[in-house]
Amino acid sequence: MITIGKLRLTVLAVLAAALVVPVAPAGAGVVQRSTGLWPGGQVRYGFGPGVTAADRSAVRQAMESWTQAGAPVRFVAASSGPRLIILRHQSVDGANRCRATVGRGAVDRPPPTRSAFERPAGTGAPPTARSFLILSGPCRHRVMVHELGHVLGLDHEHERSDRAAWLSVSRLPPPTGAGPAALVEREALWRRNYVVRFDIPAPDRRAPAGGVGMTPRLLFTRQYDPCSVMHYLEDPTHRRRGVDLAFTPAARAEAVRRSCPLGGSGGRVSALDIAVLVEAYPAGR
């Protein structure tokens, strides 16, 4: 894979000062404050080995989805210096495993690897960068938009502690005959993508329901957002991972009320995704 008040003005000033340094907020309806953000809202990026012309076009279209929705950031092509690097890995089984690091790292690092099912496309030493978007298998537009949300510092909406009214999440029994490696992978996927990781305070009647809140660890939208592009979709992928995921009637009603697609289907960025980023990137407003 955020608030403020009249006490808020003081909090705002402190928060703005904190965001001047590389380490600051990150998440969708959630941004973790320990995650580095992009200074001045400027995301410098370049393409690494294996990236095709079609990949470049798809990535830029996803970037436009964020800026056109009102994200207070700019994507700037750069060939050197601290930046985001977009890479293509070769997925062994052809699966769609596009992913990204969250936020901007404090130092350049090599890309994360998952050698069990993929390998870098191209030859030579892996590049180093502050952040990575890794394309593996076919990356649909909505997936690309979601992963770029991670690059901006947003985390998974569905890992908020207040999800129960909006989302049903349960684990399925492992398939008969599953070996130790498969069981380890299922457990890792569960911990990485489905458990509750963000403790959201109970609603405060004095605070605006659609506003942004803050704790020492998080920025978060006060309202859970089933329409966030950072929310997982109801998709067969989850059952293959051993997880049954379904939106509740309340979530469906909320999507109808707001005329927004559940899970940012089609790559549509929600207003609450933007609200968190506006709070996280005050210099980019």
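K.L.:
Would you mind going over the nonpolar core in detail, with residue names and values included?
P.N.:
Within the largest apolar cluster, 37 residues are counted, with the highest numbers of intra-cluster contacts made by V59, W66, F75, L84, I86, L133 and L148. Of all the elements in the fold, those that place two or more residues in this core are β2 (42-47), α2 (53-69), β4 (84-91), β7 (131-136), α3 (141-152) and α7 (271-280). Sort the elements by how many residues they give to this core and α3 lands first, with 6 residues. Apart from residues lying up to four places away in sequence, L133 is in contact with V59, L84, I85, I86, L87, R99, A100, M144, E147 and L148. Grouped together as the second largest cluster of nonpolar side chains are 14 residues, W166, Y232, F247 and C260 included.

K.L.:
Give me the pairing of strand β3 (residues 74-77): which residues, what numbers.
P.N.:
Two elements, β2 and β3, share 4 bridges in a ladder whose sense is parallel. The residue of β3 that forms the bridge with V43 is F75. At this point the chain moves from β2, through α2, to the parallel β3, and the crossover so formed is right-handed.

K.L.:
Lay out the state of the cysteines in plain terms, naming residues and giving numbers.
P.N.:
Covalently bonding the sulfur atom of one cysteine to the sulfur atom of another cysteine gives a disulfide. Evaluated as defined, the whole model comprises 2 disulfides. Disulfide partner of C227: C260, at an S-S distance of 2.0 Å. One quick way to see it: the torsion about the S-S bond of C227 and C260 is about 65°, and its sign makes the bridge right-handed. Linking C227 in the loop between β10 (218-221) and α5 (236-240) with C260 in the loop between α6 (249-258) and α7, this pair joins segments that are 33 residues apart in sequence. With respect to burial, C227 and C260 carry one shared label: buried.

K.L.:
Now, about the sheet that holds strand β1 (residues 30-32): what can you tell me, with residues and values included?
P.N.:
Where strands meet in a sheet, backbone hydrogen bonds hold them as pairs that are either parallel or antiparallel. The strand order across the open sheet built from 3 strands is β1-β10-β9, with neighbouring strands paired in antiparallel fashion. The sheet is open, and its two edges are formed by β1 and β9 (212-214), each paired on a single side. Neighbour to neighbour, the strand axes of the sheet diverge by 15° on average, direction disregarded. For β9 and β10, the ladder comprises 3 bridges, and the chain directions are antiparallel.

Rules used throughout
Residues numbered from 1 in each chain as written. Predicted model: local features only at pLDDT ≥ 70, side-chain atom pairs only at ≥ 80, totals over all residues. Heavy atoms only, no water. Core = buried A, V, L, I, M, F, W, Y, C linked by side-chain atoms within 4.5 Å. Buried < 20%, exposed > 50% of the residue type's maximum accessible area, 1.4 Å probe, protein only. Helix = DSSP H or I, 4+ residues; strand = E, 2+ residues; numbered from the N terminus. Contact = heavy atoms within 4.5 Å. Pairing = 2+ DSSP bridges. Right-handed = clockwise from strand over helix to strand, strands pointing away. Disulfide = S-S within 2.5 Å. Axes fitted to C-alpha atoms, helices over the stretch in contact; angles between N-to-C directions.

Read these as layout, nothing more, since geometry by itself doesn't imply function.
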